[in-house]
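# Observations on the model geometry
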Amino acid sequence: MIKIILRRLSPLLIVIVFGGLAFALINTQEAPEQKDEPISVPIIDVQTVVPQTLSLNLPSYGVVNPKYKTQLVTEVQGRMLSISAHFVAGGVVKKGQQLAVIEPSDYEADLIQAEATLAQATAALNEEKARGEVAKIEFKDFAQGVPPELGLRIPQLKKEQANVKYAQAALARAKRNLERTVIRAPFDGIIKARNVDLGQYVTLGTNLGELYDTSTAEIRLPLTNEDLAYLESVDNPETTVTLTALLAGKQMTWQGNIVRSENVIDEQTRMVYLVAEIHDPYLRNHQAEGQLPLKFGSFVNAIITGRTVDDVVTLPRHVVRNGQVAVVSKDNIIEMRKVNIIRSDVNNIYIQGSFKPNERVSTTSVNSLNSGQMIKVLGEQSKNQNKTAAPDTHDATKVGE
């Protein structure tokens, strides 16, 4: 009977025992130590700014082209008698240099004929002058008033004078045509192309080739309409420009001048083009050591000198947020300051009249910074530790001694 009762009460007894043990553990455990949660202070990097006077330079690009280029065409016709060895694509020629010769025999004959015609006209004129003098003597005692012009041979004299002028004009034309049988370079240049060969028959207006002037090069530099505001003068944008290009594995630089604006907005690109000039791009007059010629067709990058602005600070683009910059005070307190942005490019933003010398600006891109917030400056803590650690090391050395 007792066994049956114990068997039935054993689960209840187990529950009571374990409940008592749990109650004892709960009453004897120690309360956890209460600690204040540390306040998180962001660590940022700063840049000390010093306002400067800057030129708002404008980047651009373009292709080098000759200022003057001409098509060499024939003014007479005939067979190509000779062609100069310099009259080839890439040949460099001087002004007046002979490039080709057209068969001149027909024009030499025309010149001789014109000279003979002029000689005949001159002789006839002299003869008529003599006849006029004789007529004046014959009519010297003419008693019926003024002698007639026909009797004095005045009309005949005018006719012979006109014949002489006509013969002189024909002679001048024959000389010019003979001179035109020799094709000469109109200016110092480089041959772009030659379109004729030796022995070829050419007619009036045949295109013999193309010549580029090497005295001056032009580069059309596109700018946005807004960029024109950074020039000293929009109507007369005369300023300097620095051109750079990679030639023969070297970065070369040339100095030029902006001479004009095309004053038209391109319909497709919406750009305004400034025209830069480089004098003596092929260095035919003077070449410095290590300098290379700026060849036509080269692609160049350009930096156009803009207007000068005072009290300007240059900062990376990511530093400015919604037109504001995080300025760090001496006490490491953030001040979100509204700044005057006068220009921006791909990497930088230019700010005028918004900072005092040696102010610190946060260069860390922290979007959660707010005015009045406490921060830590990267590197300051380690500097303080180094200052305190230095005397201990010195003392330890003395003890060791």
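You'll find the structure just up there.
Quick summary incoming for the structure in this document. (Residues numbered from 1 in each chain as written. Predicted model: local features only at pLDDT ≥ 70, side-chain atom pairs only at ≥ 80, totals over all residues. Heavy atoms only, no water.)

## Examining the overall build of the chain
As a reminder, the rule being used: The way it works is that DSSP assigns letters per residue, a run of H or I at least four long becomes a helix, a run of E at least two long becomes a strand, and they are numbered from the N terminus. Throughout, exposure labels follow a simple rule: accessible area from a 1.4 Å probe, protein chains only, divided by the maximum for the residue type, with under 20% read as buried, over 50% as exposed, and the rest as partly exposed. Any pair of residues with heavy atoms lying within 4.5 Å of one another is described as a contacting pair. Each accessible area is a Shrake-Rupley estimate made with a 1.4 Å probe; only the visible protein chains count as cover when residues are assessed.
If you tally the helices and strands in the chain, you get 4 helices and 24 strands. For the chain, the proportion of its 401 residues judged to be buried stands at 32%. Long-range pairs, those at least 24 residues apart, make up 74% of the contacts in the chain between residues at least 6 apart in sequence. Within the structure as shown, the chain displays about 26000 Å² of accessible surface, and the carbon and sulfur contribution to it stands at 53%.

## Quick notes on unusual backbone geometry
Glycine aside, residues mostly have negative phi angles, and peptide bonds mostly take the trans form. A positive phi angle, close to 55 degrees, is found at Ala 248, a residue other than glycine. Among the secondary structure elements, Ala 248 is positioned in the loop between β14 (240–247) and β15 (250–265). Residue classification places Ala 248 among the exposed residues on the basis of a relative accessible area of 73%. Positive phi outside glycine occurs at Asn 332, with the angle close to 60 degrees. Turning to its location among the elements, Asn 332 is positioned in the loop between β19 (324–328) and β20 (334–338). Look at Asn 332 and you get buried, because its relative accessible area is 13%.

## Some points on the sheet that holds strand β3 (residues 52–55)
Adjacent strands of a sheet pair through backbone hydrogen bonds, lying either parallel or antiparallel. Cut-off, in case you're wondering: Should DSSP find at least two bridges between two strands, the strands are taken to pair. Note on geometry: axes are C-alpha line fits, over the in-contact stretch for helices, and angles between N-to-C directions span 0 to 180 degrees.
Taken together, the 4 strands give an open sheet; going across it, the order is β3-β18-β22-β21, and neighbouring strands pair in antiparallel fashion. Among the strands making up the open sheet, the edge pair consists of β3 and β21 (341–344). Strand-to-strand twist across the sheet, computed as the mean angle between neighbouring axes with direction ignored, equals 50 degrees. The pairing of β21 with strand β22 (residues 348–352) spans 3 bridges and is classified as antiparallel. By the bridge assignment, Ile 341 is partnered in β22 with Ile 351.

## With respect to the sheet that holds strand β4 (residues 58–66)
The strand order β4-β13-β16-β15-β14-β17 describes a closed barrel built from 6 strands, whose pairing is antiparallel. Averaged over all neighbouring strand pairs, the angle between strand axes comes to 40 degrees, with direction disregarded. Bridge analysis of strand β13 (residues 216–224) against strand β16 (residues 271–279) gives 9 bridges, and the strand direction is antiparallel. Within the sheet, the bridge partner assigned to Leu 221 lies in β16 and is Leu 274.

## Some details on the layout of surface pockets
A water-sized probe rolled over the atoms picks out the places where empty space is left. Put simply, the rule reads: Grid points spaced at 1 Å over the protein atoms alone were grouped into cavities, where a 1.4 Å probe fits but cannot get out, and pockets, open sets with protein on both sides within 12 Å along at least five of seven lines, with lining residues defined by an atom within 4 Å of a point. Grid points are joined across faces, edges and corners, and a volume is the space filled by probe spheres set on the points. Under the scheme applied, nonpolar residues are Ala, Val, Leu, Ile, Met, Phe, Trp, Tyr, Cys and Pro; charged residues are Asp, Glu, Lys and Arg; polar residues are all the others, including Gly.
Of the pockets and cavities examined, the largest pocket occupies roughly 210 Å³. Lining the largest pocket, in full, are Gln 71, Leu 72, Val 73, Thr 74, Glu 75, Glu 179, Arg 180, Val 182, Ile 183 and Arg 184. The residue makeup of the lining of the largest pocket, split by class, is 4 nonpolar, 2 polar and 4 charged.

## Comments concerning the nonpolar core
Definition in use: By convention a nonpolar core is built from buried Ala, Val, Leu, Ile, Met, Phe, Trp, Tyr and Cys residues, the set being connected through side-chain atoms within 4.5 Å.
Of all hydrophobic cores here, the largest spans 34 residues; its most connected members are Leu 221, Val 241, Leu 243 and Ile 304. When contributions to this core are tallied by element, the ones reaching two or more residues are β4, β13, β14, β15, β16, β17 (299–304) and β18 (308–316). When near neighbours in sequence (up to four residues on either side) are disregarded, Leu 221 contacts Ser 60, Tyr 61, Gly 62, Val 241, Ile 258, Val 272, Tyr 273, Leu 274, Ala 276, Ala 302 and Ile 304.

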